[in-house]
Amino acid sequence: MKIKIERLNTQKNPQQFKQEYEVSSQRLLDALNEIKTTQDNTLTYRCGCGSGVCGSCAVQVNGVERLSCKTYINEGDVVSAIKRSEVIRDLVVNLEHQEKVLKTSHAYLEAYQEETITPQDEKLIDVQSNCILCQSCYSSCPVYEVNPDFLGPYALTRVLRYVNDKKEHQSRSKIDAIQSNGVWDCTLCGNCTMVCPQFIDPKTDIMNLRSKSVQAGYSDPNMNNMDFDSGFNTDFGFNPNGF
Amino acid sequence: MIDVLVVGSGGAGLSAALHAKKEGANVLVVSKTYPTHSQTCQAQGGMNAVITEQDRVENHVHDTLKSSHGLGEEATIQSMCEDAKPIIEWLDELGVPFTRTSEGKIAQRKMGGASHSRSCYSADYTGLKILHTLYDTALKENIEFLNEHMILNIIVENEQAVGITAMDLKTSQVKEILAKTVILATGGYISIYNGFNTNSNATTGDGVAAALRAGAKLSNMEFIQFHPTAIKGANVLISESARGEGGYLVDDKGERFVDELKPRDVVARAIYDKMHQDKTVYLDLRHLGLDKINEVMPQERRLAMQFAHVKIEEELLPINPAAHYCMGGVFINDRSETTRENLYACGECAQSNVHGANRLGGNSLLEILSFGKKAGTEAALKARNTQYLTKEDTQQYQSDKNFIAQVFHLPNQIDFYDKKAFMGKIFFRNVGLYRNDINMKAVLSQVRQWQKEFMFMGITDKCTIYNRNLVEFIEFGNMLELSEVVVISAISRCESRGAHYREDHPMEVESYAKNSIAYRYDNTLAVEFKG
């Protein structure tokens with residue numbers, strides 16, 4: 001089976017290029033290992049547990065985010081690095097933004113309060129706390145193209161996980177922390193939900209956070225931009241949209 | 001100015017860092033990967049803790065001691081088992097979503113070798129949820145991380161650890177990181193069973209090998225735990241909780257052949273025996289039903305579908321044993337101190353006198369958190385009364401810088417990936433579930449041959465940006481160093497005990513009821529036994 005891998009080595013060439021390899025493995029991670037150990041020692045990628053829980057091997061296959069350890073390949077597949085991050089080399093991208101977005105969004109339990117936790121309470125945060133920080137959702141998110149400071153799907157899902165935790169006494173501070181470059185910047189395109197290997201639904205999580213924000217007294221800042229009195233007032237002969 | 005330098009960012013490292021920070025220390029965590037990429041995420045089954053009145057700490061101590069086959073130290077085990085309840089409470093307060101009973105109590109399940117249901121869990125993602133919660137807390141506490149920096153060596157001056165040298169993966173540059181105290185939390189060395197283990201690719205024993213080179217003593221390196229149930233061929237772990245919840249092990253005829261809840265070594269050998277008769281062994285979970293499976297082992301169901309295309313609620317899952325955990329490591333005392341001053345160790349890289357010849361399921365998460373706490377606290381206290389003992393630009397730094405520069409010019413006459421694959425095979429077959437003197441001596445001579453050839457292996461990737469070829473070459477060097485210790489320790493222990501089973505010495509021998517201690521003396525590896 002032949003697959004193509006998008007490669008980058010800035011010490012040799014500033015441009016990415018596609019390289020074709022013949023492999024016998026069926027699983028993508030095995031194929032990458034096969035190439036690295038038997039054909040081309042320079043192929044560079046991250047991997048860890050090989051069983052879908054460490055989140056280190058996220059790549060794109062034919063433009064869709066996948067964990068290489070859980071992906072079976074087909075003839076002619078094109079493998080490339082995940083998007084939105086600087087490619088360090090081949091399939092390895094810079095992940096340093098992770099710490100920043102998690103910190104900015106207060107994605108942790110701030111003040112513990114003792115509560116009786118029922119199985120239902122635990123169910124409420126179960127799916128969100130299965131996140132493996134693989135960055136697939138981050139890669140698929142179009143908002144980053146226009147706003148690199150967007151907190152993004154995984155950070156917001158993680159915030160909801162702590163907001164919904166009955167043990168958290170200060171969930172308000174998290175709601176405050178995600179107003180700017182946060183819940184309202186999402187376009188609800190749902191790409192993140194489509195690509196999550198853990199079957200998390202960050203889009204719905206973000207919608208939940210929006211309604212919690214409204215309950216906390218915040219409103220959608222985009223609504224303010226849709227003030228129909230300004231600009232559309234034809235009395236002054238000015239119409240920015242040309243009609 | 002760093003008070004406590006933590007090397008490794010899994011459960012043990014993060015626990016150490018959080019406790020050192022709590023003591024007011026200035027902490028830096030240096031990690032070869034990113035914190036959430038570490039091995040801890042793979043722990044599925046649970047963490048042992050006596051938290052109800054139906055169970056007693058003495059039972060936990062007794063079960064652990066029994067599993068250790070006379071090698072565990074009772075006082076240390078007692079202290080760890082007493083620590084378990086406050087640690088569960090601490091984790092609960094940090095936000096770990098433990099599975100609950102209908103009364104709102106933390107639920108517990110029974111694991112192999114345990115006399116009671118004692119394992120606290122979060123479905124079958126226990127390690128993942130603990131690790132991520134610790135990471136979130138570390139970010140909250142503003143703990144500083146230096147990610148993707150691989151430890152090369154421990155800097156020792158005047159017989160004391162004063163820092164480490166580490167290589168920045170992004171640039172291949174060697175850095176010197178000085179600190180008052182150093183904690184190793186770098187994980188185990190199971191990757192010497194390359195291709196036959198359930199571990200992450202990253203667990204190559206870098207810290208353990210560095211400790212040996214720094215003059216610290218290693219211990220019980222021969223004890224390797226084999227997990228009975230890894231998905232056949234893929235070696236993806238299916239947690240012991242599958243058997244704990246009532247799963248059966250059956251042969252080709254569909255018949256059960258071993259008590260599934262016996263200790264791991266006994267069950268694993270029973271499966272290995274069947275495989276040697278060319279029979280396939282299956283895990284049978286069909287009788288549990290889909291609802292139960294979805295409730296208590298959703299990850300197992302997904303893994304079986306992904307890696308074996310098997311629906312466990314309808315079909316049998318083919319399995320094989322695989323190397324899973326190393327009981328040995330850097331020798332530490334009950335305060336997590338190694339034999340080298342100012343150097344601490346915790347987690348799977350340490351031999352903490354609690355697992356002995358075999359680890360009880362559910363005790364590894366407890367160990368990393370309990371000894372992480374001890375290491376962090378003790379190192380922080382020590383740092384308070386310690387001055388910086390050295391100036392920058394140490395001899396170790398100079399020599400490691402030269403070494404890395406030299407690696408780029410080594411000849412590539414021998415392919416080390418080829419040797420690494422072969423190493424896994426001969427270790428699984430000859431230093432695996434069954435061992436004997438002659439086979440292990442053959443492995444030893446092979447390992448020593450590779451050590452001689454190491455400088456002819458080298459790397460073909462000469463780029464300095466994120467050079468995995470270089471990283472894997474250094475890892476292989478560490479594996480070569482440790483594999484020798486494992487084989488020599490296993491050859492020296494002329495008896496069968498726990499996970500170490502010798503066909504030529506099938507009985508437990510009283511005079512070997514001691515820890516093996518390995519160290520370098522005048523460049524020669526020495527192994528002795530100490531009670």
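Residues numbered from 1 in each chain as written. Chains lettered and ligands numbered in written order. Predicted model: local features only at pLDDT ≥ 70, side-chain atom pairs only at ≥ 80, totals over all residues. Heavy atoms only, no water.

S.K.: Any chance you could explain the UniProt feature "active site" (unreviewed entry) in chain B here in plain terms?
M.R.: Residues and elements named next belong to chain B. Under the present numbering, the feature "active site" (unreviewed entry) in UniProt falls on R264. Structurally, R264 is set in helix α7 (residues 264–276). Among residues more than four places away in sequence, those in contact with R264 are Q225, F226, H227, P228, E240, H324, N358, R359 and G361. A distance of 2.4 Å separates polar atoms of two side chains, one belonging to R264 and the other to E240. (UniProt positions renumbered as here; feature names shortened; annotations may be inferred. Helix = DSSP H or I, 4+ residues; strand = E, 2+ residues; numbered from the N terminus. Contact = heavy atoms within 4.5 Å. Polar contact = N/O pair within 3.5 Å; in protein donor to acceptor, adjacent residues only side chain to side chain.)

S.K.: Hey, could you run me through helix α1 (residues 28–39) of chain A in this one?
M.R.: An α-helical segment advances 3.6 residues per turn. Residues three or four places apart therefore align on the same side. In this model α1(A) runs 15 Å from its N-terminal to its C-terminal C-alpha over 12 residues, within 8% of the 16 Å that 1.5 Å per residue would give. What α1(A) keeps buried is the set L28(A), L29(A), A31(A), L32(A), E34(A), I35(A) and K36(A). Those residues of α1(A) hidden inside the fold are in contact with β1 (2–7), β2 (17–22), β3 (58–61) and β5 (78–80) of chain A together with α12 (416–430) and α14 (468–492) of chain B. (Expected span 1.5 Å × (residues − 1). Buried < 20%, exposed > 50% of the residue type's maximum accessible area, 1.4 Å probe, protein only.)

S.K.: I'm lost on the packing of aromatic side chains in this one. Help?
M.R.: Ring pairs (aromatic) are described by centroid distance and by the angle formed between their planes. All names here are of chain B. According to the stated counting rule, one finds 17 aromatic pairs over all chains in the structure shown. Aromatic ring contacts, followed pair by pair, group Y193, F196, F226, Y272, F427, F428, Y434 and Y501 into a single cluster. The ring of Y325 is capped by R359, whose NZ or CZ atom sits 4.1 Å from the centre of that ring. Between the NZ or CZ atom of K374 and the centre of the ring of F371, over which it lies, the distance is 4.5 Å. (Phe/Tyr/Trp six-rings, centres within 6.5 Å; stacked < 30°, edge-to-face > 60°. Lys NZ or Arg CZ within 6 Å of the ring centre and 35° of its normal.)

S.K.: For this particular structure, what's the right way to read the domain arrangement of chain A?
M.R.: How large an interface is tends to be reported as the accessible area lost when its parts come together. Residue and element names in this part refer to chain A. Each assigned domain of chain A is listed with its residue range as follows: domain 1 (2–93) and domain 2 (95–216). Tallying the contact residues gives 16 residues for domain 1 and 17 residues for domain 2. Interface area for domain 1 against domain 2, summed over the two sides, is near 1,200 Å², with a carbon-plus-sulfur share of 52%. Along the contact surface separating domain 1 from domain 2 lie one salt bridge. A salt bridge links R84 to E145; the nearest nitrogen and oxygen atoms lie 2.9 Å apart. Across the domain 1-domain 2 interface, the total number found is seven residue pairs in polar contact (both at pLDDT 80 or more). Within the residue set of the side of domain 1 that touches domain 2, elements represented by two or more residues are β3 and β4 (64–67). It is β4 that provides the largest number of residues to the side of domain 1 that touches domain 2, a total of three residues. When grouped by side-chain class, the residues that make up the side of domain 1 that touches domain 2 number seven nonpolar, four polar and five charged. (Domains from an automatic or database assignment. Buried area = accessible area lost by both parts, 1.4 Å probe. Salt bridge = Lys/Arg side-chain N within 4 Å of Asp/Glu carboxyl O. Nonpolar A, V, L, I, M, F, W, Y, C, P; charged D, E, K, R; others polar.)

S.K.: Sorry, what's going on with a negative patch on the surface here?
M.R.: On the surface, a cluster of negative charge is contributed by E114(A), E115(A), E89(B) and E93(B). Counting through the fold element by element, E114(A) comes out in the loop between α2 (97–104) and α3 (119–126). Since its relative accessible area comes to 71%, E114(A) is described here as exposed. (Patch = residues over 30% accessible without salt bridge, like charges linked within 9 Å, V, L, I, M, F, W, Y side chains within 5 Å. Areas by Shrake-Rupley, 256 points an atom, 1.4 Å probe, with all protein chains shown as cover. Lys, Arg positive; Asp, Glu negative; His and termini not counted. Charge placed at Lys NZ, Arg CZ, Asp CG, Glu CD.)

S.K.: Even after reading the chapter, I still don't get the sheet that holds strand β19 (residues 524–530) of chain B, so can you show me in this structure?
M.R.: Strands in a sheet are paired, the pairing made by backbone hydrogen bonds, and the direction either parallel or antiparallel. All names here are of chain B. With mixed pairing, the five strands of this open sheet are ordered in space as β17-β15-β10-β18-β19. Two strands lie at the open edges of the sheet, namely β17 (350–351) and β19, each paired on one side alone. Pairing geometry for strand β10 (residues 218–219) and strand β15 (residues 329–331), over two bridges, is antiparallel. Bridged to S219 within β15 is G329. Contacts between α14 and the sheet are confined to β10, β18 (515–521) and β19, with β19 contributing the most and set at about 45 degrees to the helix. (Pairing = 2+ DSSP bridges. Axes fitted to C-alpha atoms, helices over the stretch in contact; angles between N-to-C directions.)

S.K.: Would you explain the pattern of salt bridges in this entry?
M.R.: When their charged atoms lie close together, side chains carrying opposite charge are able to pair. What the rule picks out here adds up to 55 salt bridges over all chains. With a shortest N-O distance of 2.8 Å, E148(B) and R46(A) are connected by a salt bridge. Placement of the pair is E148(B) in the loop between β6 (144–146) and β7 (149–157) and R46(A) in the loop between α1 and β3, with the two residues belonging to separate chains. Here E148(B) and R46(A) have matching classes, each one buried. Ionic pairing is found between D149(A) and K100(A), a salt bridge with its closest N-O pair at 3.9 Å.

S.K.: When you look at the interface of chain B and chain A in this model, what are you seeing that I'm missing?
M.R.: Listed per partner, the contact involves 54 residues of chain B and 57 residues of chain A. Of the roughly 4,800 Å² buried between chain B and chain A on both sides combined, carbon and sulfur atoms contribute 51%. Summed over the shared surface of chain B and chain A, the number is six salt bridges. Here chain B and chain A share 23 residue pairs in polar contact (both at pLDDT 80 or more) between them. Broken down by secondary-structure element, the contributors of at least two residues to the side of chain B that touches chain A are α3 (74–94), α4 (126–140), α9 (298–308) and α14 of chain B. Tallied by class, the residues present in the side of chain B that touches chain A amount to 18 nonpolar, 22 polar and 14 charged.

S.K.: Help me out: how do you make sense of the domain arrangement of chain B in this one?
M.R.: All names here are of chain B. For chain B, the domain assignment lists domain 1 (229–322) and domain 2 (395–530). A C-alpha centroid distance of 31 Å is found between domain 1 and domain 2. Counting residues at the interface gives seven residues for domain 1 and seven residues for domain 2. Here domain 1 meets domain 2 over a buried area of about 670 Å², counting both sides, of which 66% is carbon and sulfur. Interface area lost by domain 1 to domain 2 is led by D265, R269 and Y272, which between them contribute 75%. The interface formed by domain 1 and domain 2 holds zero salt bridges in total. Linking domain 1 to domain 2 there are one residue pair in polar contact (both at pLDDT 80 or more). Where the side of domain 1 that touches domain 2 is concerned, the elements lending two or more residues are α7 and β14 (317–326). In terms of residues, the side of domain 1 that touches domain 2 owes the most to one element, α7, which gives five residues. Here the side of domain 1 that touches domain 2 is composed, by residue class, of four nonpolar, no polar and three charged.

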